[in-house]
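Read off the chains here:
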Amino acid sequence: MVTTTRDVTAGEPTGEPARPAGWPVRSGPLPPLADCFSLRPETGLNTAYSFAPGSTVVLAQPAPAGGSGHHPPATAGGTGKTQLAAAIALSAWRSGGVDLLAWVPAASRDAIATGYAQALSAAGIPGASAGTDAAAASFLAWLARAGRPWLVVLDDLTDLSSLEGLWPSGPAGVALVTTRLPAAAMPGRDVRVLEVGAFSPREAVSYLTARLSEPGMRAGALDLATELGCLPLCLAQASAVVAESAADCRRYLMQFEERAGQLTAGQPGRAIEAAGVTWSLSLDLADTLYQRGTAGCALALLALLDPAGVPASVLAAAAACRYICGRAATGTPADGSRVRATLDALSRAGLVTIDPASAPRTVRMHDVVQAAIRQVITPAGLEQATAAAASALLQAWPADDAEPLVAQALRDCTASLHRAAGDLLWTPHAHPVLLRAGQSLDSAGLAGLAVSHWEDVAGTAGRILGPAHPSTLLVRDRLAAAYLAAGRAEEAITAHKQILADRVQALGPDHPDTLTACGAFARACLDAGRGADAVPLYERALAGWERVSGPGHPAALAACEHLAAAYLAAGRLDDAIAMLRRVHRDRAAALGPEHLQTLAACGELAAALHSGGRLRDAIPLYEGALAARERAQGPAHPETMAARASLAYAYRSAGRMKHALPVYERTLADRERVLGPDHPDTLASLANLASAYHTAHKLKQAVPLYEEALTRRERTQGPDDPDTLAARGNLASAYHSAGRLAQAVPLYEQTLLDYGRVLGQDHTTTLTARANLASAYCAVGRNAEAIALFERTLADCERLLPPGHPMTQAIRENLQAAS
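Here we summarise the structure given alongside this text. Each chain carries its own residue numbering, running from 1 in the written order of its sequence. Since the coordinates come from a predicted model, pLDDT governs what is reported: local features require at least 70, and pairs of side-chain atoms require 80 or more to be given and counted, while whole-chain, interface and lining totals use all residues. Excluded from the side-chain calculation are hydrogens and water; included are all heavy atoms of the structure.

Brief notes about the overall build of the protein
What counts, and what does not: Helix and strand definitions follow DSSP, with helices as H or I runs of at least four residues and strands as E runs of at least two, each counted in order from the N terminus. Burial classes follow relative accessibility: with a 1.4 Å probe on protein chains only, a residue under 20% of its type's maximum area counts as buried, one over 50% as exposed, and anything between as partly exposed. Throughout, a residue-residue contact means that at least one pair of heavy atoms, one from each residue, lies within 4.5 Å. Note on areas: Shrake-Rupley, 1.4 Å probe, and residue coverage restricted to the protein chains presented here. Charge assignment: positive for Lys and Arg, negative for Asp and Glu; neither His nor the chain ends contribute. Where a charge lies is defined by one atom per residue type, namely NZ (Lys), CZ (Arg), CG (Asp) and CD (Glu).
Of the regular secondary structure elements, the protein holds 34 helices and eight strands. Taken along its principal axes, the extent of the C-alpha atoms in the protein is 95 × 65 × 50 Å. Sorting the 819 residues of the protein into buried and exposed places 49% on the buried side. Counting contacts in the protein only where the partners sit at least 6 residues apart, residues at least 24 apart contribute 65% of the total. For the protein, the computed accessible surface area is about 34,700 Å², with 54% contributed by carbon and sulfur atoms. If you average the places of the 70 positive and of the 78 negative side-chain charges in the protein, the two averages end up 4 Å apart.

Next comes the structure, spelled out in structure tokens:
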């Protein structure tokens, strides 16, 4: 049993004690214990129940030893590692030994990151609202510093590279890993490796005795256990058949030997693993328990999907029901009942486990069984099963990926299907499920994994379909977008440039797909900070849309908006304003002055005028847009509240603080009421109001708001989030302005320390924080320290910023004043 800061006693599962609300937290699809689960006292696994805090323990596959009889030892698993890990986890949880239990499927890096993100969310730890990659990093950071005892189980690690940068560690917890990899493959780090092999003969016979309730069924138990190599997986299947058929172990052994002979007939010298025989006998049983033929189809389908578990929704999808039910399919809910009956028969035969409580991982089939089944599927059968599985996944996939664990299970199933089916998913084109899996990675914020997925799919598309095939071009579009999302702007630009050239060659310069590609290329340039390069591309796209669709077409107006953004990025403010005036005018003419798209265009025009200092023109537009949104959407709509915030900022920029403050106050009150006190928009409004009071020299009102903003940021986003760091710096500045230097100086010091640690010493925000601290030192008479900070900051600015940068000049003036 895991021991962290408390003593935990090993034993069978017991009733769960009452716990206070909130903590402890349990996350992930923890599998139930099998019938007659054994603690395996003779094979030494009882030692696994005492792990020191801060340790990493791996339950690994032992090196192959000699097999028994005609049957070599299993090399792909089936020794019960997952069950042992589940027992350890359940005992720790039920005895109160851990405050956080996270069960994380580890067959892929995607699964690991998603499991971490889910655990972060379940625990209510700040950072859960970020993308999956960022949330996973926040979870690991929390584990590293946590004082609460925790246990993270990484089940079925198949590739050590999947854990690169993702190993959980911390002084208060234990990481427990199960893997089919041999012990020798484990990393050279502080890892305790326990080899989990087969049962001992005594344990195997004890297991069979417990599983077979009638004494007569146990006849020949030792001989059967020996022939099966005492492998837990094979014993589970054999005992299921014996129990359901009311036979005995001796008769099963005869059937086993006969079936093994049939499977190796005409192949002299061939040995077959025991699991390659037991599953076929279990299938025979399943066929007798329900309609013959459905069990085999269900097995073929499941053998192509993720062994860690298949969502129930996939097996209930119309494509799965048609495939499993075959000619008996009716296209009615009765098909679902037939599928459930078939799965129940497979469960009784020991071929699958069913956990109704786990929607993301409802049906599991051991990968050893999957591999044995795939070996006997005919090419035609594989093609049919692949088509059914791919369609079922697509039908079951929710449009919004609202449940991260379900989305991740669907991605894992798609990856398993792609590995098993290969090129079958590419006839006559890329199956949509491959695209859906990539979109799911994109939306989950798994940027690195999304790039890997799209690179793999793009390479396969080019090889099978050719570079000019529509599917290939579509996938290359997605890859370029993934590069951009991952911050790999130069690769995105290169990819988009080639895509545009290929589209021009294949489709012509004015084809809509070509114009869309031109716009995407421009967007990549814009996001990379290359506004000057984006402008001619957007101009080209706009001219094309005007030729193809007319100047008032929605596509042409959207191109105008994009071009305006490029003009702004390139510093061509007047051109941007002219373009936005055109969009506003044309949308108002086509849709009406109070259509939502017209109001959006009005807001964009107002913002451009605002950025150019033309507030006399901007403010009436802001006022008109707010009034129209209040009429069209109501005063409490998020877009109405955003319009009100923009107007407040415009008033403030114009020095009209008497008008700005009540609008800021109204915006904050509305957002707290509608969105809640901790919503990001509410926190932004709180900070904005505090800053407005500060600007208006109303520090008595400003300081409590700054303090509240920092408290909320720390609670919801964590102490190291950039927004929290900014809130800390703002509060220090407010204390400074209020003359409360005894509070300001340590807060400035903490802010500088945090910025340097989180953003780095050369980040411009860190340089600003250093200059602010130097100014505070001046104010309290610590001139020598202030001068040293100003000198260091000036040297860094001269090294890092362009010549003549305003920040460099400001630091130089401050240094002269301090000297």
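From this point on, the discussion continues.
Overview of the packing of aromatic side chains
The line we're drawing: Pairs were defined over the aromatic rings of Phe, Tyr and Trp, the Trp ring being its six-membered one, requiring ring centres within 6.5 Å. Orientation was assigned from the angle between planes: stacked under 30 degrees, edge-to-face over 60, tilted for the rest. By definition, being over a ring means that NZ of Lys or CZ of Arg is both within 6 Å of the ring centre and within 35 degrees of the ring normal.
On inspection of all chains with the given rule, the structure shows three aromatic pairs. Geometrically, the ring pair formed by Tyr116 and Phe139 is tilted, given 5.3 Å between the ring centres and 40 degrees between the ring planes. In this pair, Tyr116 sits in helix H2 (residues 109-123) while Phe139 sits in helix H3 (residues 132-145), placing the two residues 23 residues apart along the sequence. On the accessibility criterion, Tyr116 (0% relative accessible area) is buried. Relative to Tyr207, the ring of Phe199 lies with its centre 5.9 Å away and its plane at 40 degrees, an arrangement referred to as tilted. One residue, Arg148, lies across the ring of Trp23, its end atom 4.2 Å from the ring centre.

Points about empty space enclosed by the protein
Under the convention used in this document: Two kinds of site are reported from a 1 Å grid over the protein atoms alone, namely cavities, where a 1.4 Å probe fits but cannot get out, and pockets, open sets with protein on both sides within 12 Å along at least five of seven lines, and residues are called lining when an atom falls within 4 Å of a point. Grid points are joined across faces, edges and corners, and a volume is the space filled by probe spheres set on the points. Throughout this entry, Asp, Glu, Lys and Arg are counted as charged residues, while Ala, Val, Leu, Ile, Met, Phe, Trp, Tyr, Cys and Pro are counted as nonpolar. The remaining residues, Gly among them, count as polar.
On inspection of all chains with the given rule, the structure shows two cavities of 30 Å³ or more. Considered as a void within the structure, the largest cavity measures approximately 50 Å³ in volume. Around the largest cavity, the lining residues are Ser27, Gly28, Pro29, Ala102, Trp103, Val104, Pro105, Ala111, Gly115, Gln118, Leu405 and Gln408. Among the elements of the structure, strand S3 (100-105), H2 and helix H15 (404-421) are those that each provide at least two residues to the lining of the largest cavity. Considering every element that reaches the lining of the largest cavity, the biggest residue donor is S3, with four residues. Its residues assigned to classes, the lining of the largest cavity comprises seven nonpolar, five polar and no charged.

Some remarks on unusual backbone geometry
Omega for the peptide link from Thr427 to Pro428 comes to 0 degrees, which places this bond in the cis form. With respect to the helices, strands and loops of the structure, Pro428 is situated in the loop between H15 and helix H16 (432-444). A positive phi angle is found at Ala246, which is not glycine, with a value near 55 degrees. Looking at the secondary structure, you find Ala246 in the loop between helix H6 (232-245) and helix H7 (249-263).

Quick notes on helix H14 (residues 379-396)
The following threshold applies: Multiplying 1.5 Å by the residue count of a helix minus one yields the expected span of that helix.
In this model, H14 (18 residues) spans 26 Å end to end at C-alpha, consistent with the 26 Å of a helix rising 1.5 Å per residue. Along H14, the residues that are buried comprise Gly381, Ala385, Thr386, Ala388, Ala389, Ala390, Ala392, Leu393 and Ala396. Looking at the buried side of H14, the elements it contacts are helix H9 (294-302), helix H10 (312-315), helix H11 (318-325), H15 and H16.

Remarks on the sheet that holds strand S4 (residues 150-157)
What counts is decided by this rule: We call two strands paired when DSSP finds no fewer than two bridges between them. Axis angles are defined between N-to-C directions and span 0 to 180 degrees, where every axis is a line fitted to C-alpha atoms and, for a helix, only to the segment in contact.
Ordered in space as S1-S3-S4-S5-S2-S6, the six strands form an open sheet in which the pairing is parallel. Only two strands of the sheet have a single partner each, and these edge strands are strand S1 (25-27) and strand S6 (191-195). Each strand axis lies, on average, 15 degrees off the axis of its neighbour in the sheet, ignoring direction. Both S1 and S3 contribute to a ladder of three bridges, which runs parallel.

A few points about the nonpolar core
To keep it simple, the criterion reads: Among buried residues, those of type Ala, Val, Leu, Ile, Met, Phe, Trp, Tyr and Cys that are joined through side-chain atoms within 4.5 Å constitute a nonpolar core.
Within the largest apolar cluster, 234 residues are counted, with the highest numbers of intra-cluster contacts made by Tyr116, Phe139, Val152, Leu154, Leu346 and Leu417. Excluding anything up to four places from it in sequence, Tyr116 contacts Val104, Ala136, Phe139, Leu140, Val152, Leu154, Leu163, Leu166 and Pro168. If you look at the next biggest cluster of nonpolar residues, it comprises 23 residues, including Leu30, Leu90, Val174 and Val196.

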